[in-house]
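As a plain string of letters, each chain reads:
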Amino acid sequence: METSKVYLVGGAVRDYLLGLESKDRDFVVVGSSPGAMIAKGFTQVGASFPVFLHPDTGDEYALARTERKTGPGYHGFDTVYDPSVTLEDDLLRRDLTINSMAMTDNFQIIDPFHGVEDLKDKILRHTSEAFADDPLRVLRLARFAARYDFRVAPATMALAQKLVHSGELGELPQERIWTELYKGFSEKDPGLMLKVLKEADALDNSPLLDYFGTDFDVDKAWVPLRLIETMTTKCNKTDAKIMFAMSHLASLSAAYITVLMKVPNHIRDAVRLETSLTNVLMTDMTAESVHGLFKVTRFVTDIDSETMQLALFISKIRSEVLMNEKQWIKNLDRLNSAAAAV
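The structure presented is a predicted model; accordingly, all values stated were derived computationally and were not measured.

Put simply, helix H10 (residues 218-230) and helix H15 (residues 306-321) touch, their axes get as near as 10 Å, and they point 125 degrees apart. As the angle between them shows, H10 and H15 are arranged oblique. Remark: the crossing between H10 and H15 carries right-handed chirality. For the pair formed by H10 and H15, the contact residues are Val 223, Pro 224, Leu 227 and Ile 228 on the first element and Phe 313, Ile 314, Ile 317, Glu 320 and Val 321 on the second.

Below you can see the structure in the form of structure tokens.
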């Protein structure tokens, strides 16, 4: 007779302890098998290892498993899942101690790797040496730093550097890298993500070198990102931070990368628009340049659009960083006056 047990795991437990609402609820099932799950009405969706959807809630339930590194990249793992795999075995394979906790249905926390303590101390610490088996974890580490404003434990940073210098980041698909960067730029302090990536040497090595370029200055990038967070605007600030990243990446010689980036259309359009706006608003305007801007950007008809407002906001951020805000405001007033006369 099956005696399986179910636990809430990972990010949902972490966020519960932080008093935050979690978007995802993941469960691990110990002591069960694919056949037993299907017999209970669950639908199997995982190919490399069994993941099942609950018949009523749609939540994901995964069988407890262990992983062993067998090849390069983040797909090179041999996975074992059978009723003998324990909860601690499953938690041990996870990246960080704050993500390696479980909770019972009566809210009892199971914390074999001291994640609760690290949450209190605001530390990102690897659960085991297996952290260095997955190159994606360098990006996740930086993203969690940006989300929670946590510091990285020295030993964990050393493992991240080891991963970078192994060259395994090059095994990651470009779209997977962008997905993590996109999430990181959507966090509260994306500048901290950049600092962690810099400390891990990730920005100075391929493939992130292809994204940020050889002359990328983390400290200079942090200034506008902080300004975005502090300034009043009608724009969605997350969109603005994503756009700032896109705008930089689009300026590189490796701009082909931007084709792979999945972003909402209004952000992609705002990236193109902002360059034209900034080129005019940061210089001495003439009647010809005003006319040219209207022609290229449709400033008159789009002035209140989400795309235009986002482009203007980022353009203003650039004017502040370059200490040319007065010129920018003066030109915007001239532009608005000209638009009203059209």
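Cis geometry marks the peptide bond from Ser 206 to Pro 207, where omega comes out at 10 degrees. Summarising the element assignment, Pro 207 is placed in the loop between helix H8 (190-199) and helix H9 (208-212). Unusually for a residue other than glycine, Lys 122 sits at a positive phi of about 60 degrees. You will see that Asp 149, though not glycine, has its phi angle at about 60 degrees, which is positive. Tracing the backbone through its elements, the reader meets Asp 149 in the loop between helix H5 (136-148) and strand E11 (151-152).

Both strand E2 (residues 26-30) and strand E5 (residues 60-63) contribute to a ladder of four bridges, which runs parallel. If you follow Val 29 over to E5, its bridge partner there is Leu 63. Joining the antiparallel neighbours strand E4 (residues 51-53) and E5 is a turn of six residues, in which Gly 58 adopts a positive phi near 80 degrees.

What follows is about the packing of aromatic side chains. Taken as a whole and assessed by the stated rule, the structure comprises seven aromatic pairs. The interplanar angle of 40 degrees and the centroid separation of 5.5 Å between the aromatic rings of Tyr 148 and Phe 150 together place this pair among those described as tilted. For the pair Tyr 148 and Phe 150, a shared accessibility class is recorded, and that class is buried. Ring plane angle 75 degrees and centroid distance 5.9 Å describe the contact between Trp 178 and Tyr 182, whose orientation is recorded as edge-to-face. With Trp 178 and Tyr 182 both in helix H7 (residues 174-185) and four residues apart, this pair spans about one turn of that helix. Grouped by ring-pair contacts, the aromatic residues Phe 27, Phe 42 and Tyr 61 constitute a single cluster. If you follow Arg 143 out to its NZ or CZ, it ends over the ring of Phe 144, 5.4 Å from the centre.

Attention now goes to the sheet that holds E2. Spatially, the seven strands line up as an open sheet ordered E3-E4-E5-E2-E1-E8-E9, and their pairing is mixed. Two strands lie at the open edges of the sheet, namely strand E3 (43-44) and strand E9 (109-110), each paired on one side alone.

If you walk through the whole model with that rule in mind, you get 18 salt bridges. The residue Asp 189 makes a salt bridge to Arg 226 at a minimum N-O spacing of 2.9 Å. Pair noted here: Asp 189 is in the loop between H7 and H8 and Arg 226 is in helix H10, with a separation of 37 residues, a long-range link. Taking relative accessible area as the criterion, Arg 226 reaches 42% and is therefore assigned partly exposed. A salt bridge links Lys 241 to Glu 229, with the nearest nitrogen and oxygen atoms 2.9 Å apart. Here Glu 229 lies in helix H10 and Lys 241 lies in helix H11 (residues 237-250), a separation of twelve residues in the sequence. The class of Lys 241 is buried, set by a relative accessible area of 3%. Connected via shared salt-bridge partners are Asp 90, Arg 93 and Arg 94.

Each value, and the rule that gives it
Residues numbered from 1 in each chain as written. Predicted model: local features only at pLDDT ≥ 70, side-chain atom pairs only at ≥ 80, totals over all residues. Heavy atoms only, no water. Axes fitted to C-alpha atoms, helices over the stretch in contact; angles between N-to-C directions. Helix = DSSP H or I, 4+ residues; strand = E, 2+ residues; numbered from the N terminus. Parallel < 35°, antiparallel > 145°, perpendicular 65-115°, else oblique. Left-handed = near helix turned anticlockwise from the far one by under 90°. Contact = heavy atoms within 4.5 Å. Pairing = 2+ DSSP bridges. Phe/Tyr/Trp six-rings, centres within 6.5 Å; stacked < 30°, edge-to-face > 60°. Buried < 20%, exposed > 50% of the residue type's maximum accessible area, 1.4 Å probe, protein only. Lys NZ or Arg CZ within 6 Å of the ring centre and 35° of its normal. Salt bridge = Lys/Arg side-chain N within 4 Å of Asp/Glu carboxyl O.

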